[in-house]
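So you can see what is in the structure, the chains are spelled out below.
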Amino acid sequence: MPQPRQAIRRLDYTAPAYLIDCVDLTFELDDTATRVASRLVIQRNAETKADTPLVLHGESLSLASIKLDGVPLAADAFTHADDTLTIPAMPDTAILEIVTLINPQANTELSGLYQSSGNFITQCEAEGFRRISFYLDRPDVMAKFTTTIIADKAKYPVLLSNGNRVGEGTLDKNRHWVKWVDPFKKPAYLFALVAGRFVSLAGNHTTRSGRQVAIEIYVEPGNVDRCHHALAAVQKAMAWDEQRFGLEYDLDTYMIVATSDFNMGAMENKGLNVFNSKYVLAKPETATDADFDGIDSVVAHEYFHNWTGNRVTCRDWFQLSLKEGLTVYRDQEFSSDLGSRAVQRIQNVRGLREYQFAEDAGPQAHPVRPDEYQEINNFYTWTVYEKGSEVVRMYATLLGIDGFRRGMDLYFKRHDGQAVTCDDFRTAMVDANNADLAQFARWYSQAGTPVLDVEGVYDDAAQTYTLTVTQSCPATPGQDVKLPFHIPLALGLLDRRGQELPLQLADEAEAIGNSRVFELRQPVETFRFVNVPCHPVPSLLRDFSAPVKLVYPYSDDDLIFLMAHDNDAFARWEAANQYATQLLLARYRAGETDTPAPEKFVAAMAAVLANPQLDPALAALMLTLPSEAALFEALSDVDPQKLCAVRQGLKEALARSLRAQLLATYQKLNDGAPYRYDGAAVAARALKNVCLDYLGELDEPLTAELLASQYRHADNMTDRLAALKVLAQRDDGEPFVDDFGKVWQDDALVMDKWFALQASCSRPGALSTVQALMNHHAFSLKNPNKVRALIGAFCQQNLAHFHALDGYGYAFAADRIIELDKLNPQIAARLASCFNRWTRLEPQRRALMRAELERISREPGLSGDTFEIASKALSAGT
Ligand code: TRP
Ligand code: ZN
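This text gives an overview of the structure that appears in the document. Every chain is numbered on its own, with residues counted from 1 as its sequence reads. Each chain is given a letter, starting from A, and each ligand a number, starting from 1, according to the order in which they appear as written. For this predicted model, a pLDDT threshold of at least 70 governs which residues receive local features, and a threshold of 80 or more governs which side-chain atom pairs are given and counted, while totals over whole chains, interfaces and linings are taken from all residues. Remark: hydrogens and water are excluded; side-chain values derive from all non-hydrogen atoms of the structure.

## Quick word on the site of ligand 1
Being near a molecule or strand, for a residue, comes down to having at least one heavy atom within 4 Å of it. Near ligand 1 you find 16 residues, and of these Glu125, Ala266, Glu268, Glu302 and Tyr385 are the closest. Gln123 places a side-chain nitrogen or oxygen 3.3 Å from a nitrogen atom of ligand 1. His301 places a side-chain nitrogen or oxygen 3.4 Å from an oxygen atom of ligand 1. Those elements giving two or more residues to the shell around ligand 1 turn out to be strand E20 (266-267), helix H2 (289-304) and helix H3 (320-338). Across the shell around ligand 1, the residue classes tally to six nonpolar, five polar and five charged. Residues adjacent in sequence count toward polar contacts only when both atoms are side-chain atoms; beyond that, a polar contact is any pair of N or O atoms within 3.5 Å, and within protein one must be able to donate a hydrogen and the other to accept it. Counting from the N terminus, the helices are DSSP H or I runs at least four residues long and the strands are E runs at least two residues long. Three categories are distinguished: nonpolar for Ala, Val, Leu, Ile, Met, Phe, Trp, Tyr, Cys and Pro, charged for Asp, Glu, Lys and Arg, and polar for the others, with Gly belonging to the last.

## Describing the sheet that holds strand E4 (residues 54-57)
Two strands pair under a simple rule: DSSP has to find at least two bridges between them. The three strands are arranged E4-E8-E7 in an open sheet whose pairing can be described as antiparallel. Each edge of the open sheet carries a strand with a single partner, namely E4 and strand E7 (79-81). Ignoring which end each strand starts from, the neighbouring axes of this sheet average 20 degrees apart. In this analysis, axes come from line fits to C-alpha atoms, helices being fitted only over the stretch in contact, and the angle between any two N-to-C directions falls in the range 0 to 180 degrees.

## A word on the packing of H3 against helix H5 (residues 382-415)
In the contact formed by H3 and H5, the axes pass within 8 Å of each other and the chain directions differ by 75 degrees. In terms of axis orientation, H3 runs roughly perpendicular to H5. The segment H3 lies against H5, with Leu320, Ser321, Leu322, Glu324, Gly325, Leu326, Val328, Tyr329, Arg330, Gln332 and Glu333 engaging Val384, Tyr385, Glu386, Gly388, Ser389, Val392, Arg393, Ala396, Ile401, Phe404, Met408 and Tyr411. Just so you know how the angles are binned, under 35 degrees is roughly parallel, over 145 roughly antiparallel, 65 to 115 roughly perpendicular, and the rest oblique. In what follows, residue pairs with any heavy atoms lying within 4.5 Å of each other are defined as contacts.

## With respect to the coordination of the zinc ion (ligand 2)
Taken together, the protein ligands of the zinc ion (ligand 2) are His301 (NE2), His305 (NE2), Glu324 (OE) and Glu324 (OE), with distances of 1.9 to 2.8 Å. Each metal site lists N, O and S donors within 2.8 Å (3.2 Å for Na, K and Ca). With water left out of the atoms, a site can look as if it is missing ligands. Geometry is assigned from donor-metal-donor angles: four donors are tetrahedral when every angle falls between 85 and 135 degrees, four are square planar and six octahedral when opposite donors sit over 155 degrees apart with all other angles between 65 and 115, and any other arrangement is irregular. For the zinc ion (ligand 2), the six donor atoms are set out with angles of 47 to 160 degrees between them, so the coordination reads as irregular. When the donors of the zinc ion (ligand 2) are listed by position in the chain, the intervening gaps give H-x3-H-x18-E. Residue His301 is located in helix H2, and its partner Glu324 is located in helix H3; the two are separated by 23 residues in the primary sequence.

## Thoughts on the pattern of salt bridges
Within this document, salt bridges are pairs made up of a side-chain nitrogen of Lys or Arg and a carboxyl oxygen of Asp or Glu, the two lying within 4 Å of each other. By the definition in use, this model includes 64 salt bridges. Of the charged contacts, one joins Lys753 and Asp291 as a salt bridge, the two residues approaching to 2.4 Å between their closest N and O atoms. Linking Lys753 in helix H19 (residues 748-759) with Asp291 in helix H2, this pair joins segments that are 462 residues apart in sequence.

## As for unusual backbone geometry
Looking along the chain, the bond that leaves Glu125 and enters Ala126 is cis, with omega of -5 degrees. Position of Ala126 among the secondary structure elements: in the loop between strand E11 (119-123) and strand E12 (144-152). Not every positive phi belongs to a glycine, and Asn434 is a case in point at roughly 55 degrees. Looking at where Asn434 falls in the secondary structure, it is placed in the loop between helix H6 (422-433) and helix H7 (442-445).

## What to know about the packing of aromatic side chains
Stacked, edge-to-face and tilted labels apply to pairs of Phe, Tyr and Trp rings (six-membered ring for Trp) whose centres lie within 6.5 Å, assigned for plane angles under 30 degrees, over 60, and everything in between, in that order. Scanning all chains against the criterion turns up 44 aromatic pairs. Consider the rings of Trp240 and Phe334, whose centres lie 5.9 Å apart with planes at 85 degrees: the pair is edge-to-face. Of the two residues, Trp240 is situated in helix H1 (residues 228-245) and Phe334 in helix H3; the sequence distance between them amounts to 94 residues. Three labels apply to residues, based on accessible area from a 1.4 Å probe with only protein chains included: buried if under 20% of the type maximum, exposed if over 50%, partly exposed otherwise in between. Relative accessible area serves as the criterion here: at 8%, Trp240 is assigned to the buried category. The criterion for a charge sitting over a ring is simple: Lys NZ or Arg CZ within 6 Å of the ring centre, and within 35 degrees of the ring normal. The side chain of Arg315 reaches across the aromatic face of Tyr13, ending 3.7 Å from its centre.

## Looking at the pairing of strand E19 (residues 253-259)
Buried residues dominate E19, accounting for seven of its seven residues. The two faces of E19 match: Thr253, Met255, Val257 and Thr259 on one face and Tyr254, Ile256 and Ala258 on the other face are all buried. As paired strands, strand E18 (residues 212-219) and E19 are joined by five bridges and run parallel to one another. The residue bridging Ile217 from the neighbouring strand is Ile256, located in E19. Crossover handedness for the path E18 to H1 to E19: left-handed. Two strands pair when backbone bridges link them, and E19 and strand E21 (residues 272-276) are joined in this way by five bridges, in the parallel orientation. Bridging across to E21, Val257 finds its partner in Val274. Throughout, right-handed denotes a crossover for which the path from the first strand over the helix to the second runs clockwise when the strands point away from the viewer.

## Observations concerning the side chain of Arg572
By the element assignment, Arg572 lies in helix H9 (residues 569-590). For Arg572, which is buried and forms no salt bridge, the nearest opposite charge comes from Asp566, at a distance of 6.2 Å. With near-sequence residues (within four places) excluded, Arg572 lies in contact with Leu562, Met563, Ala564, His565, Asp566, Asn567, Leu614, Leu618 and Met622. For the charge count, each Lys or Arg is scored as positive and each Asp or Glu as negative, with His and the chain ends excluded.

## Description of the packing of helix H10 (residues 599-610) against helix H13 (residues 640-657)
The contact between H10 and H13 brings their axes to 10 Å, and the two run at 65 degrees. Here H10 and H13 pass one another in a crossing that is right-handed. Of the residues in H13, those touching H10 at Phe601, Val602 and Met605 are Leu650, Leu654 and Ser657. Taken together, the residues of the contact of H10 with H13 sort by class into five nonpolar, one polar and no charged. Less than a right angle of anticlockwise turn of the near helix away from the far helix marks a crossing as left-handed, whereas a clockwise turn marks it as right-handed.

## With respect to the nonpolar core
Judged by nonpolar contacts, the single largest core of 219 residues is most densely connected at Phe404, Phe529 and Phe835. Broken down by element, the residue count for this core peaks at 11 residues, all from H5. With near-sequence residues (within four places) excluded, Phe529 lies in contact with Gln463, Thr464, Tyr465, Leu467, Leu491, Leu493, Leu503, Gln504, Leu505 and Phe518. Among buried residues, those of type Ala, Val, Leu, Ile, Met, Phe, Trp, Tyr and Cys that are joined through side-chain atoms within 4.5 Å constitute a nonpolar core. In this structure, Val23, Val36, Tyr135 and Val141 belong to the second largest nonpolar core, which totals 72 residues.

## Regarding the pairing of strand E25 (residues 451-459)
Bridge count between E25 and strand E26 (residues 464-472): nine bridges; the pairing is antiparallel. Considered in E26, the bridge of Val451 is made with Ser472. Adjacent in sequence and paired antiparallel, E25 and E26 are bridged by four residues, among which Gln463 carries a positive phi angle near 55 degrees. Pairing of E25 with strand E31 (residues 549-551) involves three bridges; the strand directions are parallel. Along E31, the bridge assignment pairs Val451 with Lys549.

## Comments concerning the environment of Met90
Checked against the element boundaries, Met90 lands in the loop between strand E8 (84-87) and strand E9 (93-102). Looking at Met90, the relative accessible area reads 4%, which means it is buried. Here the alpha-carbon distance between Met90 and Ala77, two residues 13 residues apart in the chain, equals 9.7 Å. Each residue touching Met90, except ones within four places of it in the same chain, is listed here: Tyr18, Ile42, Thr52, Leu54 and Leu68.

## Some points on the sheet that holds strand E27 (residues 487-494)
Across the sheet, which stays open at both edges, the three strands sit in the order E28-E27-E30 with antiparallel pairing between neighbours. Of all strands in the sheet, those with a lone pairing partner are strand E28 (515-520) and strand E30 (537-540), marking the two edges. This sheet shows a mean twist of 35 degrees between the axes of neighbouring strands, independent of strand direction. Relative to E30, E27 runs antiparallel, the two sharing four bridges. Among the inter-strand pairings, Leu491 is bridged to a residue of E30, identified as Leu540. The strands touched by helix H8 (residues 556-565) within the sheet are E27 and E30, with E30 carrying the most contacts at an inclination of about 65 degrees.

## Considerations on the environment of Val517
Examined against the element boundaries, Val517 turns out to sit in strand E28. C-alpha separation for the pair Val517 and Arg393, spaced 124 residues apart in sequence, amounts to 13 Å. If near-sequence neighbours (up to four positions away) are discounted, Val517 is found in contact with Thr397, Pro488, Leu489 and Ala490.

## Thoughts on the environment of Cys534
Summarising the element assignment, Cys534 is placed in the loop between strand E29 (524-529) and E30. Assessed through its relative accessible area of 22%, Cys534 is described here as partly exposed. The sequence separation of Cys534 and Leu501 amounts to 33 residues, and the corresponding C-alpha distance is 9.5 Å. Those residues within four positions of Cys534 in sequence are excluded, and the remaining contacts are Tyr458, Asp495 and Arg496.

## A closer look at helix H23 (residues 808-823)
Helix span, as expected, comes to 1.5 Å for every residue beyond the first. If you check H23, its first and last C-alpha atoms are 23 Å apart, about what 16 residues at 1.5 Å a residue would give, namely 22 Å. Buried-residue contacts for H23 involve helix H20 (766-773), helix H21 (784-797), helix H22 (799-802), helix H24 (825-832), helix H25 (843-858) and helix H26 (864-875).

Any functional reading would require information that these geometric values do not contain.
So, in structure tokens, the structure goes:
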């Protein structure tokens, strides 16, 4: 029976006993026995008392030699056990030279030094450096790194590390070497080494102050034609950060390397970012509009880390959101400025609600700044990243964009070169603005999604409108009682023509604006507006001003009115989304799968399709029904198959009622113009393909023709894949799915789309298809992208089949988790979170899921990563 790993607690933090000033590393690269020589200049931390032992981290390392100040250490002068190397008698300052041997070929965890397509890659965040060499592998130990790489010249012509290339040369046995020096102090998690056969696309950027930066994107041979979008994204991100935050790049070269074997999206190693190839490689024939957007935001995200994460880093891993929440906020802002702000916001809020709200309501709920963890890799979560970004966004909402900038400037002025905490960030915001954000700190310490219950009362005689807002927050594991949050609530009041009314509180001399941000601090807050000439419709939580659930008893007519009239684009979408959510939940409760759609709703959707003023991208989002995952969260004792059938039923009903308008819009937008990637073209394609998706529900020759024609004649992947996704759900789709699989069989990233599309297909037989595809030559359990595409898509997106009542979906997931755990615990643990919501299911499935969770948690030799997820999930049932 696996045992829980010892939990690490935030409040146990102590400063490092020793500091490392300089690290000099020499790698002799070898598939199975890479030799790593490390020379550490160490000094005792002034706060540490003399004779404190030095304890270095080290995992899966074989120690070849160790010298202290030039003298080999006697066997009894150190101990090497339990992933640590301890030297009890340590001088105040010393030079420690350690040689270790590592086996990159055997590294299937993709943490530390590993191989991918015959190249060497490192991944050190969070605790991967200790799998390369013995070290104080914690983010508050910051050192200057020098790295020499020695390797076979033919097999590894390109040798990269952080900073600047300062020397290179040739050696015997056809080997060569390159030496790199990084002038900036950094924690070990930002170290990187890359070696192999790469080709590169180069570009440059001139900073605002006139410095020249060389940008280099390294990819496997044959892929240079897919790097142009990523290169342009770097250039846009560099210009944006200068303009918006006054932040310039600080090295002469900025390098990105793409690899197909990567646990996450990308990694911000100083000067040498490593990317999952999914977020670098794109051309219109192989990548969708969503892929291009994803590249923009991930490239920007990693680039922005250079300041928010690297120049100012985290004191300890509990502070992870200090860099991640802030950097996500920055990449979201970048994308908003690049495209449509409203569309960007809607997409982010959708993700937050589907995944973060679910996390916050489940067994893995934790604060943005967690209090304890067993395995830090399990805390790269929706909460730390996305809720963390919402917390940062709230500073900007409360302090204003200029106030936020003042806070950022002070943060960098104070903390450049330091490893700091979320409190340091908040304090900079407070001090730069003279603000009171003491209560705001609860956003970092309390888990759970706050609920705002809002009531509005209009007094005709007094011409007043009173809003009463009551906040609460559900209990989460380990946190029974919550204190009130400091919440920015943006709102407007609309009259019956849809005009915004001037907002004047009872104690104000005159009206101040039409849309305002009010601050909630008390459990109950009342806002009495005066001079309100008619009973208004409130437009609440505009732009989603806080990560909360807002409850207001809107009537259907209110929502349809807001959908059409609110001049806040986000609020218009939100009204459509809420209407559809209420409707779907009511149909679920009544078990309605094939009644017609209500006329009012059909008319409102028709108006969306017919509105020439509406951004087509916004129209596409308004027409899209709430996801199954979002609906799931609003229910208990869920029968997922019934939920899917109800959503599907409404979609079909809408398709029938809106057939003429959908067809007209489709035909108008399907203009045969050659592919272009720009805001207008992307928006038009989005709306066109939403129409096609609805039309695909109709069983008539015309739609079959449209689909086949779009699939065959599309000059880009966005349109081809959109048609194929619809076809895959139809009786006539199989030949198209087969065709796609053959045409693209040698393109790994496109095959991921093909795997995911079949794994998430709701037609009968999905599980056997997935099982068969595991034997496809393009599939590998060792490759995280493949696992996510095939197994992840089945377990997370295919509600109907994953939750099959025979339990085979659950058993399949558990088998794969156990299998994967032996190869890559990080990926296995992520997959295991597909069982997190088991207590929300109806009893029969609940029992089946619980049995699988128990089976996983009993597995001998299970990793701490997966055990933490499975055991926390199980504890939700007790
Ligand atoms: N810091 C990375 C980012 O958000 C995340 C990351 C990349 C990561 N690879 C990882 C986290 C491996 C944990 C493990 O940009
Ligand atoms: Zn990040």
